[in-house]
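# Notes for the structure review
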Amino acid sequence: MHIPDGYLDPIWCAGTYAVTIAYLIYAYRRVRANYDVSRAIPLMTVFAAGIFVAQMLNWPIPGGTSLHFVGGALSAIVLGPYLASYVMFLVLLVQALVFHDGGITTLGANVLNMGIIDVWVGYLIYRLVTRYVGGSRGIFLGAFLGGWAGITIAGAAAGTEIGLSPWFPYGIYISLPVMASWHALLGIVEGAITAFVAQYLLTKHPELTQVVKVGVRAS
Amino acid sequence: MISKKQLILIIMLIALSPLFGVYLANLVGYHEPLDVAGDLLHLKDIRYQINWTPFIDYTVPGLPDMVGYAIAGVMGFLIILGIGYLINWVHNKRSRR
């Protein structure tokens, strides 16, 4: 889902950068206010390192495609959405600058899709499900649906950005269905990994969520 | 910052990554949904024309793809860890003031 350079026109690049920078400034303030920062930084780093490595495992799918875990929803469920956005930002920044996975001009769009949309959709769905379904069943179901929906909506957002780029008029009729349908299918694996890992971490290591001091609680 | 258990898990994932990221990906032909949309819209991927890093696509110049992929994993892991240590150091220095 990493959009390379050349796929978005300058207006979309500038617009997505502006939204992402504004959000990251706001998220920084929320992290400082709501988190125990001295514990949040090491957790953010370890999560980012783990997700970076997990993203290198491309799972081949018969028919000539492949997928990899993204991890935005998982980070949000365990660490809360504001810190999770920084986890994803760190991963995407290193991927773009060091390995050219995703473009520089499209870094704003990639952080918007995987570090904001995936994170928030996953988190909100998880919260909604766990409100009605309690216990470890709620954690598993919420994390599965959160992981699946997060990646599907993020894929649809990437398709929309590419399709609405004035360089490719009417492309949205192609790019949105392709991106949304494929990610809805591939999202099942994202949901399953998110569910198993989130359930393990939240039941065996509940101390992880105590990084959030007040306000937005991760679980 | 990172526990022994976490480090072992990450090392295991890095060791396994070339199998998935290179061998199996080549077997099916690496093709993400974004590539499909890009092809249909005739979008031009200009990554190789405008490139700023020798480690493009998780390769290391002069090394076979499988080895390079694993080395790239170690590099990325260490860079992220380094950035984390730097942020932590700055935060600790500021809070001591």
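Preceding block: the structure.
Quick caveat: nothing in here was measured; it's all calculated off a predicted structure.

Turning our attention to the pattern of salt bridges. All names here are of chain B. Within the structure shown, the criterion is met by one salt bridge over all chains. For the salt bridge of D57 with R47, the shortest nitrogen-to-oxygen distance reads 2.8 Å. Here D57, found in the loop between α2 (33-40) and α3 (65-96), pairs with R47, found in the loop between α2 and α3; they are ten residues apart in sequence, far enough to count as distant. Here D57 falls in the partly exposed class, since its relative accessible area comes to 28%. Judged by its relative accessible area of 17%, R47 falls in the buried class.

Attention now moves to the interface of chain A and chain B. The partner chain B presents 52 residues to the 53 residues of chain A that form the contact. For the pairing of chain A and chain B, the buried interface totals around 4,600 Å² over both sides, and the portion due to carbon and sulfur atoms is 75%. Summed over the three residues of chain A that lose the most area to chain B, namely A:M56, A:F99 and A:H100, the buried surface amounts to 16% of that side. Along the contact surface separating chain A from chain B lie zero salt bridges. Put simply, the parts of the chain that give the side of chain A that touches chain B at least two residues each are α2 (37-55), β1 (59-61), β2 (65-67), α4 (81-99) and α7 (172-204) of chain A.

All names here are of chain A. Here α4 contains 19 residues, and its C-alpha end-to-end distance of 26 Å stays within 8% of the 27 Å for a straight helix at 1.5 Å per residue. For α4, a buried count of 16 out of 19 residues is recorded, marking the element as mostly surrounded by other parts of the structure. Looking one or two residues past α4, H100 carries a phi angle of roughly 55°, positive in sign.

Here we come to the nonpolar core. Grouped together as the largest cluster of nonpolar side chains are 77 residues, with contacts concentrated most on A:I3, A:F47, A:F52, A:V78, A:F99 and A:I162. It is α4(A) that contributes the most residues to this core, 13 residues altogether.

Before going further, it helps to examine the packing of α7(A) against α2(B). Put simply, α7(A) and α2(B) touch, their axes get as near as 9 Å, and they point 165° apart. Comparing the axis directions of α7(A) and α2(B) gives the class roughly antiparallel. Taken as a pair, α7(A) and α2(B) cross one another with a handedness that is right-handed. Of α2(B), the residues touching α7(A) (which contributes A:I174, A:S175, A:V178, A:M179, A:W182, A:H183 and A:L186) are B:P33, B:L34, B:V36, B:A37 and B:L40.

What follows is about a nonpolar patch on the surface. Residue and element names in this part refer to chain B. A contiguous nonpolar patch, built from L16, L19, Y23, L27, L63, M66, V67 and I71 and spanning about 690 Å² of accessible area, is present on the exposed surface. Looking at the nonpolar patch, the elements with two or more residues in it are α1 (4-28) and α3. The biggest single contributor to the nonpolar patch is α1, with four residues. When you line up the elements, Y23 lands in helix α1. Classification of Y23 by relative accessible area gives partly exposed; the value is 45%.

Residue and element names in this part refer to chain A. With respect to the element layout, Q199 can be found in helix α7. A polar contact of 3.0 Å, which involves the side chain of Q199, links it to the backbone oxygen of S136. Setting aside residues no more than four positions away along its own chain, Q199 makes contact with S136, I139, F140, T194 and K204.

Calculation criteria
- Residues numbered from 1 in each chain as written.
- Chains lettered and ligands numbered in written order.
- Predicted model: local features only at pLDDT ≥ 70, side-chain atom pairs only at ≥ 80, totals over all residues.
- Heavy atoms only, no water.
- Salt bridge = Lys/Arg side-chain N within 4 Å of Asp/Glu carboxyl O.
- Helix = DSSP H or I, 4+ residues; strand = E, 2+ residues; numbered from the N terminus.
- Buried < 20%, exposed > 50% of the residue type's maximum accessible area, 1.4 Å probe, protein only.
- Contact = heavy atoms within 4.5 Å.
- Buried area = accessible area lost by both parts, 1.4 Å probe.
- Expected span 1.5 Å × (residues − 1).
- Core = buried A, V, L, I, M, F, W, Y, C linked by side-chain atoms within 4.5 Å.
- Axes fitted to C-alpha atoms, helices over the stretch in contact; angles between N-to-C directions.
- Parallel < 35°, antiparallel > 145°, perpendicular 65-115°, else oblique.
- Left-handed = near helix turned anticlockwise from the far one by under 90°.
- Patch = residues over 30% accessible without salt bridge, like charges linked within 9 Å, V, L, I, M, F, W, Y side chains within 5 Å.
- Areas by Shrake-Rupley, 256 points an atom, 1.4 Å probe, with all protein chains shown as cover.
- Polar contact = N/O pair within 3.5 Å; in protein donor to acceptor, adjacent residues only side chain to side chain.

By themselves, these are just geometric observations and shouldn't be taken as functional.
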